[in-house]
Amino acid sequence: MECHYELKAGCLTISMPKELDHHSAEQLRMEADLLIDSYRVRSLVFDFAGTEFMDSSGIGVLIGRCRNMNYCGGSVKAQHMNDRIQKIFRISGLHKLMETEAMLNGND
């Protein structure tokens, strides 16, 4: 599964891939940065509804996008996270960098 991007009124929503690893992280980084810069995105939303795995490469991409959005005064949010992704956020400290929203009862 590839990433899906939706841009609406200055908000870029990225539907994350099933596995966010070193193979997909670099592509996500390049595409997200291009869209953020080209369309002056002010709000970035990572949608983890279909994501089952994320490694350190994925964590690095998220941290970098948070840093970039903070530089330009934008906001970052992660939504639809399952228990595994929530645990990764807690362990890595990502939950301190962006607003988070979990899945309700495994579904949303």
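Residues numbered from 1 in each chain as written. Predicted model: local features only at pLDDT ≥ 70, side-chain atom pairs only at ≥ 80, totals over all residues. Heavy atoms only, no water.

Looking at this structure, I do not really get the overall build of the protein chain. What am I missing?
Per the secondary structure count, the protein chain includes three helices and seven strands. Reading the protein chain from its N terminus to its C terminus gives the helix and strand order β-β-β-α-β-β-α-β-α-β. By its C-alpha atoms, the protein chain is 35 × 25 × 25 Å across when sized along the principal axes. A total of 108 residues make up the protein chain; the buried ones form 42% of that total. Of the contacts made within the protein chain by residues no fewer than 6 positions apart, 64% connect residues no fewer than 24 positions apart. Accessible surface, the protein chain as shown: approximately 6300 Å² in total, 48% of it carbon and sulfur. Between the centroid of the 12 positive side chains of the protein chain and the centroid of its 15 negative side chains there is a distance of 7 Å. (Helix = DSSP H or I, 4+ residues; strand = E, 2+ residues; numbered from the N terminus. Buried < 20%, exposed > 50% of the residue type's maximum accessible area, 1.4 Å probe, protein only. Contact = heavy atoms within 4.5 Å. Areas by Shrake-Rupley, 256 points an atom, 1.4 Å probe, with all protein chains shown as cover. Lys, Arg positive; Asp, Glu negative; His and termini not counted. Charge placed at Lys NZ, Arg CZ, Asp CG, Glu CD.)

Looking at this model, I keep getting lost on the packing of aromatic side chains. Mind explaining?
The geometry of an aromatic ring pair is captured by two quantities: the separation of the ring centres and the angle between the planes. Taken as a whole and judged by the stated rule, the model has one aromatic pair. Aromatic side chains Phe48 and Phe89 sit 5.6 Å apart centroid to centroid with 85° between the ring planes, which places their arrangement in the edge-to-face category. Separated by 41 residues along the polypeptide, Phe48 in the loop between strand 4 (43–47) and strand 5 (53–54) and Phe89 in helix 3 (residues 83–92) bring together distant segments of the chain. (Phe/Tyr/Trp six-rings, centres within 6.5 Å; stacked < 30°, edge-to-face > 60°.)

Whenever I open this one, the pairing of strand 2 (residues 11–15) confuses me. Can you help?
Along any regular strand the residues' side chains alternate between the sheet's two faces. As paired strands, strand 1 (residues 4–8) and strand 2 are joined by five bridges and run antiparallel to one another. Within the sheet, the bridge partner assigned to Lys8 lies in strand 2 and is Cys11. Counted along the chain from strand 1 to the antiparallel partner strand 2, the turn is two residues long, and its residue Ala9 has a positive phi close to 50°. Bridging between strand 2 and strand 4 involves five bridges; their strand directions are parallel. Bridged to Thr13 within strand 4 is Val45. (Pairing = 2+ DSSP bridges.)

How do you make sense of the state of the cysteines when you look at a structure like this?
In a disulfide, the sulfur atoms of two cysteines are covalently bonded to one another. If you walk through the whole model with that rule in mind, you get zero disulfides. Summary of cysteine pairing: Cys3 is not part of a disulfide, and the nearest cysteine sulfur, belonging to Cys66, is at 15 Å. Cys72 supplies the cysteine sulfur nearest to Cys11, a cysteine that is in no disulfide, at a spacing of 13 Å. (Disulfide = S-S within 2.5 Å.)

Even after reading the chapter, I still don't get the sheet that holds strand 4, so can you show me in this structure?
Strands belonging to one sheet form pairs held by backbone hydrogen bonds; the direction of such a pair is parallel or antiparallel. Strands sit in the order 1-2-4-6-7 across an open sheet of five strands; the sheet is mixed. Edge positions in the sheet fall to strand 1 and strand 7 (99–102), since each has one partner strand and no second. Strand after strand, the sheet turns through a mean of 15° between neighbouring axes, direction not considered. Across four bridges, the pairing between strand 6 (residues 75–81) and strand 7 is parallel. Considered in strand 7, the bridge of Lys77 is made with Glu99. (Axes fitted to C-alpha atoms, helices over the stretch in contact; angles between N-to-C directions.)

Would you mind showing me how to read the side chain of Arg65 here?
Of note, Arg65 is situated in helix 2 (residues 56–71). With residues up to four places along the chain from it excluded, the contact list for Arg65 reads Arg29, Ala32, Asp33, Leu44, Phe46 and Val76.

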